[in-house]
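Overview (structure and organization)
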Amino acid sequence: MSLTLRVMFRPDIRHLATIYRSLGTTYDERVLPSIGNEVLKATVAQFDAAELITQREVVSARIREDLLKRAGEFNIILEDVSLVRLSLALSSRGLSAERLKLTLPSLPLFALPHTRRRT
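Read on for a plain summary of the structure. What you see is a predicted model; the values in this text were computed from it and never measured.

1. Brief notes about the overall build of the protein
What the protein contains, in helices and strands, is five helices and two strands. Going from the N terminus to the C terminus, the protein shows its helices and strands as β-α-α-α-α-β-α. Considering only contacts within the protein whose residues lie at least 6 apart along the sequence, 70% involve residues at least 24 apart. Total accessible area on the protein is roughly 8400 Å²; 54% of this is exposed by carbon and sulfur atoms.

Below you can see the structure in the form of structure tokens.
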């Protein structure tokens, strides 16, 4: 299974002194990967493979909510948390190809316009 999470954050300016005193100037590198992995693993463990696909919005919302709480403990404000990629092998969570075929048609598909930048 592979998950990609995008997080936009900033330090809580009311607690800058505390952040730098306790975590240093690399507070983001020390805290975010750790709590991100912790929250992702705990949240994904609550769903089976089919649910991860069909309930992606629920999974994403739960990850966001839990990550907001954990980051707040370190005085880090999360501006945006998005689950940008979720992929898994069919055998990794016991999801058969037949079950996947039954699940996928119920998912909405969106076509994004392709734009080309001129130089």
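2. Some points on the nonpolar core
In this structure, Ile35, Leu52, Val59, Leu67, Ile76 and Leu78 are the most contacted members of the largest nonpolar core, which totals 20 residues. Going through the elements one at a time, helix 2 (27–44), helix 4 (56–72) and strand 2 (76–87) are the ones with two or more residues in this core. The leading source of residues in this core is helix 2, at seven residues.

3. Considering helix 2
Since the α-helix packs 3.6 residues into each turn, any two residues three or four apart lie on the same face. In this model helix 2 runs 26 Å from its N-terminal to its C-terminal C-alpha over 18 residues, within 8% of the 26 Å that 1.5 Å per residue would give. Every buried residue of helix 2 is accounted for by Tyr27, Val31, Leu32, Ile35, Gly36, Val39, Leu40, Thr43 and Val44. Projected down its long axis, helix 2 shows its buried positions confined to an angular sector of 150 degrees, all on one face. Helix 2 presents Glu29 and Lys41 as exposed residues on the side facing more than 90 degrees away from its buried surface.

Reading the values: the criteria
- Residues numbered from 1 in each chain as written.
- Predicted model: local features only at pLDDT ≥ 70, side-chain atom pairs only at ≥ 80, totals over all residues.
- Heavy atoms only, no water.
- Helix = DSSP H or I, 4+ residues; strand = E, 2+ residues; numbered from the N terminus.
- Contact = heavy atoms within 4.5 Å.
- Areas by Shrake-Rupley, 256 points an atom, 1.4 Å probe, with all protein chains shown as cover.
- Core = buried A, V, L, I, M, F, W, Y, C linked by side-chain atoms within 4.5 Å.
- Buried < 20%, exposed > 50% of the residue type's maximum accessible area, 1.4 Å probe, protein only.
- Expected span 1.5 Å × (residues − 1).
- Arc of directions from axis to C-beta.

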